[in-house]
Amino acid sequence: MKKFLHAAGGFCAGIANGLLGAGGGMIVVPMLIKSGLPIVKSHATSVAVILPICVLSASLYVRRGSVTLGQALPYLPFMLIGSAIGAWALPKLNRTLLRRIFGGLMLWAAWRMLF
Amino acid sequence: MEYVWMALAATLSGILGAMGMGGGGVLIIYLTLIAGLDQRAAQGINLIVFIPCALLALFFYLKKKLIDGRAALFAAAAGLAGALAGTWLSGMIETGVLRRIFGAMLLFIGLREVFAKPQKKSKS
């Protein structure tokens, strides 16, 4: 049953990742929590799930010509800094406030994109 | 000023991405709505930059033993099949429509996050 949950969640995350270039973690984290993993471990493990998926999607995007590596380069240093901060802070942080703030940002963006 | 926004968006995206909390959404929102990039290119950029960031975060998590390898293996294997299907679809769909689908996902996730039940602080 657990294996089925992991596979189903992973598959959906793969579709989101390939189709929308994001959102895999938002599927994998709740799925892992549901399967009984502790919360912090679920967040951490989700990154291990998304990484190989991302490598596949990204290489297909590049091969297809949707994007070039050069386009991505300017963002990389800041992303890496953020990533180090995030990985360091994950076990310590109260994530609820963070979730609400970014939930609000996402709703604003959704409104802009949909209408 | 433009550069400040870019730095801010990318840093926040890295922080959230390392936690599996929708970091990709933040960068793509910046790239499409503020930098004015094409939806597909924005998605591609996010996919590319996430790879080194995920490697960095994983290095931390492995050291702290926070990764459940078995769960990750199953989910990632199924995820690869999903990624093939998803990427193929993303090439078929017109970018305007793709942007709407992305908006719908943000709406769904945004609502869930805003009304999320508080989690216990340091349960690992």
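So, how was this worked out
- Residues numbered from 1 in each chain as written.
- Chains lettered and ligands numbered in written order.
- Predicted model: local features only at pLDDT ≥ 70, side-chain atom pairs only at ≥ 80, totals over all residues.
- Helix = DSSP H or I, 4+ residues; strand = E, 2+ residues; numbered from the N terminus.
- Buried ≥ 20, exposed ≤ 12 C-beta atoms within 10 Å, placed from the backbone.
- Contact = placed C-beta atoms within 7 Å.
- Domains from an automatic or database assignment.
- Nonpolar A, V, L, I, M, F, W, Y, C, P; charged D, E, K, R; others polar.
- Expected span 1.5 Å × (residues − 1).
- Arc of directions from axis to C-beta.
- Axes fitted to C-alpha atoms, helices over the stretch in contact; angles between N-to-C directions.
- Left-handed = near helix turned anticlockwise from the far one by under 90°.

**Focus: the overall build of chain B**
Looking only at helices and strands, chain B has 5 helices and 0 strands in total. Each helix and strand of chain B, ordered N terminal to C terminal, gives the series α-α-α-α-α. Taking all 124 residues of chain B together, the buried fraction comes to 52%.

**Comments concerning the overall build of chain A**
From N to C terminus, chain A includes 6 helices and 0 strands. The linear arrangement of helices and strands in chain A, starting from the amino end, is α-α-α-α-α-α. Taking all 115 residues of chain A together, the buried fraction comes to 57%. When contacts within chain A are restricted to residue pairs at least 6 apart in sequence, long-range pairs at least 24 apart make up 44% of them.

**Structural notes on the domain arrangement of chain A**
All names here are of chain A. The domain boundaries assigned to chain A delineate domain 1 (1-67) and domain 2 (70-115). On a C-alpha basis, the centres of domain 1 and domain 2 stand 16 Å from each other. Tallying the contact residues gives 4 residues for domain 1 and 4 residues for domain 2. In the side of domain 1 that touches domain 2, the residues fall into 3 nonpolar, 1 polar and no charged.

**Considering helix α5 (residues 95-114) of chain B**
Its 20 residues place the ends of α5 of chain B 28 Å apart at the C-alpha level, agreeing with the 28 Å of an ideal helix rising 1.5 Å per residue. Turning to α5 of chain B, its buried residues number three or more, namely Leu 98, Arg 99, Phe 102, Gly 103, Met 105, Leu 106, Ile 109, Gly 110 and Glu 113 of chain B. Buried residues of α5 of chain B, seen end-on, are gathered within an arc of 165° and therefore sit on one face of the element. Facing away from the buried side of α5 of chain B by over 90 degrees, the exposed positions are Gly 96 and Val 97 of chain B. In this structure, the buried side of α5 of chain B is in contact with α1 (2-20), α2 (24-34) and α6 (95-114) of chain A together with α2 (23-34), α3 (39-63) and α4 (69-92) of chain B.

**Considerations on the environment of Pro 74 of chain A**
With respect to the element layout, Pro 74 of chain A can be found in the loop between α4 (69-72) and α5 (76-89). Distance in space between the C-alpha atoms of Pro 74 of chain A and Arg 112 of chain A is 25 Å, their sequence separation being 38 residues.

**Considering the interface of chain A and chain B**
Taken together, the contact pairs 85 residues of chain A with 83 residues of chain B. Of all the elements in the fold, those that place two or more residues in the side of chain A that touches chain B are α1, α2, α3 (39-64), α4, α5 and α6 of chain A. Tallied by class, residues from the side of chain A that touches chain B come to 54 nonpolar, 23 polar and 8 charged.

**Brief notes about α2 of chain A**
Extensive coverage of α2 of chain A is indicated by the burial of 8 of its 11 residues. Residues Gly 24, Gly 25, Met 26, Ile 27, Val 28, Val 29, Met 31 and Leu 32 of chain A constitute the buried set of α2 of chain A. Looking at the buried residues of α2 of chain A, the elements they touch are α1 and α3 of chain A together with α4 and α5 of chain B. The positive-phi residue at the C-terminal boundary of α2 of chain A is Gly 36 of chain A, with phi of around 105°.

**Examining the environment of Gln 43 of chain B**
Residue and element names in this part refer to chain B. Position of Gln 43 among the secondary structure elements: in helix α3. A residue is classified by how many C-beta atoms lie within 10 Å of it, and Gln 43, with 33 of them, is buried. With 11 residues separating them along the chain, Gln 43 and Thr 32 place their C-alpha atoms 9.2 Å apart.

**What about the packing of α1 of chain A against α4 of chain B?**
Viewed as axis vectors pointing N to C, α1 of chain A and α4 of chain B meet at an angle of 30°, and their least axial separation amounts to 6 Å. Our pair here, α1 of chain A against α4 of chain B, has a crossing hand that is right-handed. In terms of residue class, the contact of α1 of chain A with α4 of chain B is made up of 19 nonpolar, 11 polar and 1 charged.

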